[in-house]
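Observations on the three-dimensional arrangement
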Amino acid sequence: MEEKNYKIYDSLYNVIGVAPYEEVHTKGLLHQVVHFWLAEKKENQLWFYLQKRADNDIVYKGAYDILTSGHIDPEETHEEAMLHQIKEQLGVSLQKEQLTYIGHIHQQIKKGTYFDNAFVQSYLYVTDHAEKDFAGADNVVKVKFEELVAFVGDLDKKVAVYTTEGKLIEETTHDQWWLRDEEFEKVVEPYIKEHLHN
């Protein structure tokens, strides 16, 4: 299979060419990605749905993380890429009207030879039936929004992780997470508090 190429950018976010995945993530070439955040409002409680990464992932093996993320193909818009990733990775078909673009942030992650230098486009989906959408998905979990806020802001705190049905799985510490803390604090949390959280 031919390796996919992705658009790469200069520091002013001008397109300067394309490069394959391996080159992008070893040289730290600036590229764009989409991140999917899912919130469920149910019985006066705001839940955030997340995933437990596979034990053989490239980085953050077995860590708790956002539901899905992905690269943007050269011919795709951000929105098209997000809808494509949600369908491909989660098996959930959404319409563009159901997604809310909530902002962007520059993210850099270095772990060994892996160097992710990405301009992140963040999307949010709010629903009242996520439990039904992800019934039986072993790697999908949820946390209470207000507990996640406290957890992200305090290295000494723990946060409870639940099954989609609301059964407690475990109390987790920071080393069990890929927190995306800067994105959460600067993009996600302010949007939620302004538009959704009572």
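Residues numbered from 1 in each chain as written. Predicted model: local features only at pLDDT ≥ 70, side-chain atom pairs only at ≥ 80, totals over all residues. Heavy atoms only, no water.

Observations concerning the overall build of the protein chain
Along the protein chain, the regular secondary structure elements total 5 helices and 11 strands. For a compact globule of 198 residues, the expected C-alpha radius of gyration is about 16 Å, and the protein chain comes in at 17 Å, within 12% of that figure. On the principal axes, the C-alpha backbone points of the protein chain span a range of 50 × 35 × 35 Å. Here the protein chain, with 198 residues, has 47% of them falling under the buried criterion. Intrachain contacts of the protein chain at a sequence separation of at least 6 include 57% that bridge at least 24 residues. As displayed, the protein chain has an accessible area near 10,600 Å², and 46% of this comes from carbon and sulfur atoms. A gap of 3 Å separates the mean positions of the 21 positive and 36 negative side-chain charges of the protein chain. (Helix = DSSP H or I, 4+ residues; strand = E, 2+ residues; numbered from the N terminus. Rg over C-alpha atoms; globule rule 2.2 N^0.38 Å. Buried < 20%, exposed > 50% of the residue type's maximum accessible area, 1.4 Å probe, protein only. Contact = heavy atoms within 4.5 Å. Areas by Shrake-Rupley, 256 points an atom, 1.4 Å probe, with all protein chains shown as cover. Lys, Arg positive; Asp, Glu negative; His and termini not counted. Charge placed at Lys NZ, Arg CZ, Asp CG, Glu CD.)

What to know about the packing of aromatic side chains
What the rule picks out here adds up to 13 aromatic pairs. With centroids separated by 6.2 Å and ring planes inclined at 50 degrees, the aromatic side chains of phenylalanine 145 and phenylalanine 184 adopt a geometry described as tilted. With phenylalanine 145 in helix H4 (residues 145–152) and phenylalanine 184 in helix H5 (residues 181–195), this pair connects stretches of sequence that are 39 residues apart. Grouping aromatic residues by their ring pairs yields a cluster made of Trp37, Phe48, Phe145 and Phe184. The positively charged end of lysine 111 is found above the aromatic ring belonging to tyrosine 60, 4.7 Å away from the centroid. (Phe/Tyr/Trp six-rings, centres within 6.5 Å; stacked < 30°, edge-to-face > 60°. Lys NZ or Arg CZ within 6 Å of the ring centre and 35° of its normal.)

Here we look at the nonpolar core
Ranked by size, the top nonpolar core spans 29 residues in total, and within it Phe48, Leu148, Trp177, Phe184 and Ile192 carry the most contacts. A total of 5 residues in this core trace back to one element, the largest contributor, which is H4. One finds Ile86, Val92, Leu94 and Ala130 within the second-largest nonpolar core, a separate group that totals 20 residues. (Core = buried A, V, L, I, M, F, W, Y, C linked by side-chain atoms within 4.5 Å.)

Section: the pairing of strand E7 (residues 100–111)
Where E7 meets strand E8 (residues 114–127), 11 bridges bridge the pair, whose relative direction is antiparallel. Directly across from lysine 111, in E8, lies its bridge partner tyrosine 114. Between E7 and the antiparallel strand that follows it, E8, lie 2 residues; glycine 112 among them carries a positive phi value of about 65 degrees. (Pairing = 2+ DSSP bridges.)

What to know about the packing of H4 against H5
Interhelical geometry of H4 versus H5 gives an angle of 145 degrees and a closest axis separation of 11 Å. Remark: the crossing between H4 and H5 carries left-handed chirality. In this structure, H4 contributes Phe145, Leu148, Val149 and Val152 to the contact, and H5 contributes Asp181, Phe184, Glu185, Glu189, Ile192 and Lys193. Residue classes in the contact of H4 with H5 are distributed as 6 nonpolar, no polar and 4 charged. (Axes fitted to C-alpha atoms, helices over the stretch in contact; angles between N-to-C directions. Left-handed = near helix turned anticlockwise from the far one by under 90°. Nonpolar A, V, L, I, M, F, W, Y, C, P; charged D, E, K, R; others polar.)

So, the side chain of glutamate 76
Relative to the helices and strands, glutamate 76 resides in the loop between strand E6 (68–71) and helix H2 (78–90). Despite being buried, glutamate 76 has no salt bridge partner; lysine 4 is the closest side chain of opposite charge, sitting 6.5 Å away. With near-sequence residues (within four places) excluded, glutamate 76 lies in contact with His71, Ala81 and His84. (Salt bridge = Lys/Arg side-chain N within 4 Å of Asp/Glu carboxyl O.)

Remarks on the environment of aspartate 57
Among the structural elements, aspartate 57 can be located in the loop between strand E4 (45–52) and strand E5 (64–66). Accessibility expressed as a relative area gives 23% for aspartate 57, which makes it partly exposed. Engagement of the side chain of aspartate 57 in a polar contact is seen with the backbone nitrogen of alanine 54, the distance being 3.2 Å. (Polar contact = N/O pair within 3.5 Å; in protein donor to acceptor, adjacent residues only side chain to side chain.)

Bear in mind that shape data such as this cannot, by itself, settle questions of function.
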